[in-house]
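Structure at a glance
Spelled out from the first residue to the last, the chains are:
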Amino acid sequence: MTKFSVLDLVPVREGGSVGEALAASTALAVKADELGCNRFWVAEHHAMEGIAGGATSVVLAHIGNATSRIRIGSGGIMLPNHTPFQIAEQFGTLDALFPGRIDLGLGRAPGAGPELQRALRKNLQQASEYFPQDVIELRALLTGDVELPVKATPGHGSNVEFWMLGSSLFGAQLAAKLGMPYAFAAHFAPDHLDAALTLYRRDFQPSEAFEKPYVMVAMNVFAADTDEAAQTLASSQQQSFVALRTGNPGKLPPPICAYAESLPAPAKAMLDHLGQAAAVGTPGKVRADIAAFLDRTRADEIILCGSTFESEARLQSLELTLAACQSIAA
């Protein structure tokens, strides 16, 4: 049975504030909880004026208080930015507050330039090289499966579900070796999707937590009453992608009708490339595109992405998508 979840960047829109972005994300999590989604993840980004999820564990604590059933977690924590001990304390605290509901998705890419490295007091290139060892140490701090000189309190003995995130073969290899579930970021980097999933499933080594491979894949999904309306909804995120890839990131802009048609060929080609992991249109079209994507990936779970300028539009898009996909989930 295919499960559906939600990934949120906590987008700050043009003319809006961080407080409004956090309120919108909380409302989205509440709606996802009501609609029966499996999990709600927040992604860690830093020093980006259009994304407000940098203090990921703090955001998750607020969302946990607003929801009752849905799993909440990081999609993901970029471990090179932190020490394993710090993350063990943070997510051990979350598990104590919301028992049995916490996911810890881990990523290797620091995504930071020299200025942010100085702000974080980290050599992120070096930290990335230690990523596999840091994952093992972090898991030991939380599970206690390896005796360490110090114990994280909170943290030690907590029931946090570990995930490996990736957009390349590296994460797939590590997830398989450690027996972890694997989430692939096809929504922004689909190039290695098929190869990564094949490698992960082929090389998976059972662990105490997972006896067999478990795959979740991210898709950009925008549903509306008409194809044109859905394309317009998607244009805010499309503008953000283009701005980011051309070195000019900012806040989430208002939608533009027929946006993609106005783009130069290279930018349009980039969006078309990302479209292989997207479903944009009426509920019927979205359902067909998601079903085709599931046939391609054989994913156990789809995590739905897609920032909209108006928060109500994303709530409606999520509701339309899940209603259309009920037969897929059954």
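Okay, so let's go over this structure.

What counts, and at which threshold
Residues numbered from 1 in each chain as written. Predicted model: local features only at pLDDT ≥ 70, side-chain atom pairs only at ≥ 80, totals over all residues. Heavy atoms only, no water. Helix = DSSP H or I, 4+ residues; strand = E, 2+ residues; numbered from the N terminus. Buried < 20%, exposed > 50% of the residue type's maximum accessible area, 1.4 Å probe, protein only. Polar contact = N/O pair within 3.5 Å; in protein donor to acceptor, adjacent residues only side chain to side chain. Contact = heavy atoms within 4.5 Å. 1 Å grid on protein atoms, 1.4 Å probe; cavity = no way out; pocket = protein on both sides within 12 Å on 5 of 7 lines; lining within 4 Å. Points joined across faces, edges and corners; volume = space filled by probe spheres on them. Nonpolar A, V, L, I, M, F, W, Y, C, P; charged D, E, K, R; others polar.

Quick look at unusual backbone geometry now. That bond from Gly75 to Gly76 is cis: its omega, 5°, falls within 30 degrees of zero. Along the chain, Gly76 turns up in strand E3 (residues 71-78). The omega angle of the peptide bond from Thr153 to Pro154 is 0°, so this bond is cis rather than trans. You can see Pro154 is positioned in the loop between helix H6 (131-143) and strand E5 (161-166).

A word on the side chain of Glu301. As for its placement among the helices and strands, Glu301 is situated in strand E9 (residues 301-305). On the basis of relative accessibility, which here comes to 0%, the residue Glu301 falls in the buried class. At a separation of 2.8 Å, a polar atom in the side chain of Glu301 contacts the side chain of Arg39. With residues near it in sequence (within four places) discarded, Glu301 still touches Lys3, Phe4, Ser5, Asn38, Arg39, Tyr214, Val215, Met216 and Val217.

Counted as a void, the second largest pocket has a volume near 550 Å³. Forming the boundary of the second largest pocket are 27 residues, of which Gln231, Ala234, Gln238, Ala260 and Val280 lie nearest the centre. In terms of residues, the lining of the second largest pocket owes the most to one element, helix H9 (residues 227-245), which gives nine residues. Class assignment for the residues of the lining of the second largest pocket results in 13 nonpolar, seven polar and seven charged.

According to the stated counting rule, one finds two cavities of 30 Å³ or more in the structure shown. Space inside the largest cavity adds up to approximately 90 Å³. Val6, Leu28, Val221, Leu304, Cys305, Gly306, Arg314, Ser317, Leu318 and Thr321 together form the lining of the largest cavity. Listed by contribution, the elements that provide at least two residues to the lining of the largest cavity are E9 and helix H12 (311-324). Of the residues forming the lining of the largest cavity, the biggest block, four residues, is contributed by H12. Residue classes in the lining of the largest cavity are distributed as six nonpolar, three polar and one charged. The computed volume of the second largest cavity comes to approximately 60 Å³. Lining the second largest cavity we find Ala140, Leu141, Gly144, Val146, Glu147, Leu148, Val150, Lys151 and His156. Residues belonging to the lining of the second largest cavity are distributed by class as follows: five nonpolar, two polar and two charged.

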